[in-house]
Amino acid sequence: MIGWAIIVIAYRVENGDDGSILVGGVFAGVGALYIGKAWEIAKSDKQPTEIEIA
């Protein structure tokens, strides 16, 4: 559903400035999700090692 909304909004923008803001917002949101997931994986990989050392 979100993908369809992005397509509809992109179709209805009036000029390049609106389109660039939309694309920037989409990339920022997706980038934040990937960074958050990578951070979560990195933190969870270190946790068992710290428990074994303790």
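Look a little higher up for the structure.
Here the residue index of a chain counts from 1 through its sequence in written order. Predicted model: local features are reported for residues with pLDDT of at least 70 only, side-chain atom pairs are reported and counted for 80 or more only, and whole-chain, interface and lining totals are derived from all residues. Hydrogens and waters are ignored; side-chain quantities use all the structure's heavy atoms.

Asks: Can you help me understand the overall build of the protein chain in this one?
Replies: Assigned secondary structure in the protein chain consists of two helices and zero strands. Residue burial is assigned from relative accessible area. The probe radius is 1.4 Å, only protein chains are included, and a residue is buried under 20% of its type maximum, exposed over 50%, and partly exposed in between. Going through the 54 residues of the protein chain one by one, you find that 4% of them count as buried. For every accessible area listed, the method is Shrake-Rupley and the probe measures 1.4 Å; residues are considered covered only by the protein chains on display. Accessible surface, the protein chain: about 5000 Å² in total, of which carbon and sulfur atoms supply 68%. Secondary structure follows DSSP: runs of H or I at least 4 residues long count as helices, runs of E at least 2 residues long count as strands, and numbering of each begins at the N terminus.

Asks: How should the pattern of salt bridges be read in this particular structure?
Replies: Close approach of charged atoms allows side chains of opposite charge to pair. For salt bridges, the criterion is a side-chain nitrogen of Lys or Arg within 4 Å of an Asp or Glu carboxyl oxygen. In total, this model carries one salt bridge according to the counting rule given. Here glutamate 40 makes a salt bridge to lysine 37, at a shortest N to O gap of 3.7 Å. Residue glutamate 40 and its partner lysine 37 are located together in helix H2 (residues 16-53), separated by three residues, close to a single helical turn.

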